[in-house]
Number of protein chains: 2
Amino acid sequence: MKKTILIFAALIVAILSLFQLSKYSVLTGNTAIETVIAVIAIVFFIVGVIINKKVLHQQKDLNREIDHKKIADLGLSKREYQVLCEIASGLSNKEIADKLFVSESTIKTHVSNVLVKLDAKRRTQAIQIAKTLQIIPQ
Amino acid sequence: MKKTILIFAALIVAILSLFQLSKYSVLTGNTAIETVIAVIAIVFFIVGVIINKKVLHQQKDLNREIDHKKIADLGLSKREYQVLCEIASGLSNKEIADKLFVSESTIKTHVSNVLVKLDAKRRTQAIQIAKTLQIIPQ
DNA sequence: TTAGCACTCATACTAAAGTATGAATTGTAT
DNA sequence: ATACAATTCATACTTTAGTATGAGTGCTAA
C-alpha cells in the first residue's frame with residue numbers, strides 16, 4: 001500500500017515536470033510541438049498499459065493465490081500438503097515415495113490422512129476439492 | 001480480425017485528427033497548450049488501458065477455452081471424452097457408470113482407451129495432461 | 001521432562017483401478 | 001450392402017489405491 005502511494009506520487013511529479021519541460025521547450029522554440037505531443041502521448045499510453053496490467057494482475061493473483069489459511073484450518077501438515085500436490089500432478093504413491101525419499105507405506109499413510117481431512121473418498125476427488133478450496137494451483 | 005483492423009484504422013484517424021486539431025487550436029490561439037496536452041494525455045491513457053484490457057482478455061479466454069480440435073486430434077470419442085470429464089470431477093468408475101447408465105466394465109473400457117490416447121498411466125495423470133492440453137475446464 | 005504432534009515404516013488386508021481379450025449391437029459412410 | 005467405428009458388456013487377471021493397526025523416532029511447548 002505504501003509502495004502504491006509512493007509510485008503514484010512519483011508519477012504525478014514526473015508528469016508535472018514533463019508539462020513544465022514541454023511548455024518551456026515550446027516557448028523557447030527548441031522543440032516542435034508535434035514532438036512534445038508525441039512524447040506526452042507515448043508516456044501516457046505506456047502509463048495506461050502499466051496501471052491496467054497491475055490492476056488486472058492483482059485480480060488474477062487473487063483468483064489464483066493459494067489459501068494458506070485454509071490449509072492450516074484443514075489441519076493439513078507440511079508433508080501431507082506436499083503429498084497432496086504430488087497427487088494433483090498425477091504421480092502414483094510409489095513415484096511420490098521415490099521423489100520424497102520415503103517408503104510407499106509412508107505415502108499411503110499421508111494420503112489416507114489427506115483424504116480424511118479433505119473429506120474425499122478418492123485421490124481424484126481430493127484433487128477436485130483442493131482446487132475448489134484453492135489450496136493447490138489451478 | 002477484420003474488427004481489430006477497423007478499430008485500429010479508426011484509432012489512427014482519430015489520433016491524426018486530434019493532432020491537426022491541436023496544432024490548429026494552438027496556432028490560432030484559441031486554446032491553451034496545457035489543455036491540448038491534457039486532452040492528448042487523457043486520450044492516450046484511456047487508449048492504453050483499453051488496448052491492454054483487450055489483449056489480456058483474449059489471453060484469458062484462450063486459457064479457459066476448451067480446445068475441441070485437440071480432442072479430435074487425439075482421437076477421443078464422444079463417450080471417452082465424457083468419461084474423462086467425470087474422472088476429472090473426481091468420480092469413481094462405478095459412480096460414472098451409474099451417472100451414464102452403463103456398466104462399470106464399459107467405463108473401464110473407456111478409461112483404458114482414454115489413458116492410451118492421452119499417454120497416461122493413471123487417471124490422475126490423465127487429468128493433469130488433459131488440463132495441460134486444455135481439453136477440460138481448469 | 002514428559003505429553004503431544006509430525007513423520008516414519010511395516011504388515012495385512014479390502015477395494016478400486018487398470019489390462020487383455022473377445023464379442024454383440026448399432027449407426028453410418030462408401 | 002457391407003465395411004467400419006463407436007458403444008456396450010463380460011470374464012479373468014494384475015496392479016495400484018486405500019484402510020486399519022501398531023510402533024519407533026525426534027522435536028517442541030507446557
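Quick caveat: nothing in here was measured; it's all calculated off a predicted structure. (Residues numbered from 1 in each chain as written. Chains lettered and ligands numbered in written order. Predicted model: local features only at pLDDT ≥ 70, side-chain atom pairs only at ≥ 80, totals over all residues. Heavy atoms only, no water.)

Each helix and strand counted, chain A has 7 helices and 0 strands in total. Listed N to C, the secondary structure of chain A is α-α-α-α-α-α-α in terms of helices and strands. In chain A, which comprises 138 residues, the share counted as buried stands at 33%. Restricting the contact set of chain A to residue pairs at least 6 apart, pairs at least 24 apart contribute 56%. (Helix = DSSP H or I, 4+ residues; strand = E, 2+ residues; numbered from the N terminus. Buried < 20%, exposed > 50% of the residue type's maximum accessible area, 1.4 Å probe, protein only. Contact = heavy atoms within 4.5 Å.)

Our next topic: unusual backbone geometry. Keep in mind that most residues, glycine aside, have a negative phi and that most peptide bonds are trans. Residue and element names in this part refer to chain A. Positive phi values are uncommon outside glycine, yet Asp119 reaches one of about 60 degrees. By the secondary structure assignment, Asp119 is in the loop between α6 (104-118) and α7 (123-132). Positive phi outside glycine occurs at Gln134, with the angle close to 60 degrees. Counting through the fold element by element, Gln134 comes out in the segment after α7.

Residues and elements named next belong to chain A. Interhelical geometry of helix α5 (residues 93-100) versus α6 gives an angle of 110 degrees and a closest axis separation of 8 Å. Comparing the axis directions of α5 and α6 gives the class roughly perpendicular. The handedness of the crossing between α5 and α6 comes out as right-handed. When α5 is examined against α6, the residues Asn93, Lys94, Ile96, Ala97 and Leu100 are found in contact with a partner set consisting of Glu104, Ile107, Lys108 and Val111. Split by residue class, the contact of α5 with α6 holds 5 nonpolar, 1 polar and 3 charged. (Axes fitted to C-alpha atoms, helices over the stretch in contact; angles between N-to-C directions. Parallel < 35°, antiparallel > 145°, perpendicular 65-115°, else oblique. Left-handed = near helix turned anticlockwise from the far one by under 90°. Nonpolar A, V, L, I, M, F, W, Y, C, P; charged D, E, K, R; others polar.)

Turning next to the side chain of Glu80 of chain B. Following the sequence through the fold, Glu80 of chain B ends up in helix α4 (residues 78-88). With sequence-adjacent residues up to four places away left out, Glu80 of chain B is seen in contact with Gly75, His110, Asn113, Val114 and Lys117 of chain B.

The immediate surroundings of DNA strand C are formed by 18 residues, with Ser77 and Ser103 of chain A together with Lys108, Ser112 and Arg123 of chain B found nearest. A distance of 2.7 Å separates a phosphate oxygen of DNA strand C from a polar atom in the backbone of Ser103 of chain A. In the environment of DNA strand C, a phosphate oxygen lies 3.2 Å from a nitrogen or oxygen atom belonging to the backbone of Asn93 of chain B. (Near = heavy atom within 4 Å. Polar contact = N/O pair within 3.5 Å; in protein donor to acceptor, adjacent residues only side chain to side chain.)

Attention shifts here to the protein's contact with DNA strand D. Taken together, 18 residues form the shell around DNA strand D, and within it Lys108, Ser112 and Arg123 of chain A together with Ser77 and Ser103 of chain B come nearest. Among the atoms of DNA strand D close to the protein, meaning within 4 Å, 72% are from sugar or phosphate groups. For DNA strand D, a phosphate oxygen lies 2.8 Å from a polar atom in the backbone of Arg123 of chain A. In the environment of DNA strand D, a phosphate oxygen lies 2.3 Å from a nitrogen or oxygen atom belonging to the side chain of Ser77 of chain B. Elements that contribute at least two residues to the surface near DNA strand D include exactly α6 of chain A together with α4 and α6 (104-118) of chain B.

With that settled, the discussion passes to the pattern of salt bridges. For the structure on display, the rule yields 12 salt bridges over all chains. Salt-bridge contacts for Asp67 of chain A lead to Lys70 of chain A; the nearest nitrogen and oxygen are separated by 3.8 Å. Residues Arg122 of chain B and Glu95 of chain A are paired through a salt bridge, measuring 2.7 Å at the closest nitrogen-oxygen approach. In this pair, Arg122 of chain B is assigned in the loop between α6 and α7 (123-132) and Glu95 of chain A in helix α5, connecting two distinct chains. (Salt bridge = Lys/Arg side-chain N within 4 Å of Asp/Glu carboxyl O.)

Orientation of α7 of chain A relative to α7 of chain B, taken along the N-to-C sense of each, is 40 degrees, at an axis distance of 9 Å. For the element pair α7 of chain A / α7 of chain B, the angle class is oblique. Once α7 of chain A is placed against α7 of chain B, the crossing between them reads as right-handed. Of α7 of chain B, the residues touching α7 of chain A (which contributes Arg123, Thr124, Ile127 and Lys131 of chain A) are Arg123, Thr124, Ile127 and Lys131 of chain B. Partitioned by chemical class, the residues of the contact of α7 of chain A with α7 of chain B number 2 nonpolar, 2 polar and 4 charged.

The grouping of Ile42, Ile46 and Ile50 of chain A at the surface amounts to a nonpolar patch, some 280 Å² of accessible area in total. Locating Ile42 of chain A in the fold gives a position in helix α2 (residues 33-64). (Patch = residues over 30% accessible without salt bridge, like charges linked within 9 Å, V, L, I, M, F, W, Y side chains within 5 Å. Areas by Shrake-Rupley, 256 points an atom, 1.4 Å probe, with all protein chains shown as cover.)

We now examine α7 of chain B. For α7 of chain B, a buried count of 7 out of 10 residues is recorded, marking the element as mostly surrounded by other parts of the structure. For α7 of chain B, every residue scored as buried is listed here: Arg123, Thr124, Ala126, Ile127, Ile129, Ala130 and Lys131 of chain B. Buried-residue contacts for α7 of chain B involve α4 (78-88) and α7 of chain A together with α4, α5 (93-100) and α6 of chain B. In the segment just after α7 of chain B, Gln134 of chain B is the residue with positive phi, at about 60 degrees.

Okay, the environment of Gly90 of chain A next. Residue placement: Gly90 of chain A occurs in the loop between α4 and α5. Relative accessible area serves as the criterion here: at 0%, Gly90 of chain A is assigned to the buried category. Along the primary structure Gly90 of chain A and Val39 of chain A are separated by 51 residues, whereas in three dimensions their C-alpha atoms are 52 Å apart. Not counting residues up to four positions away in its chain, the partners in contact with Gly90 of chain A are Glu95 of chain A together with Arg122, Thr124 and Gln125 of chain B.

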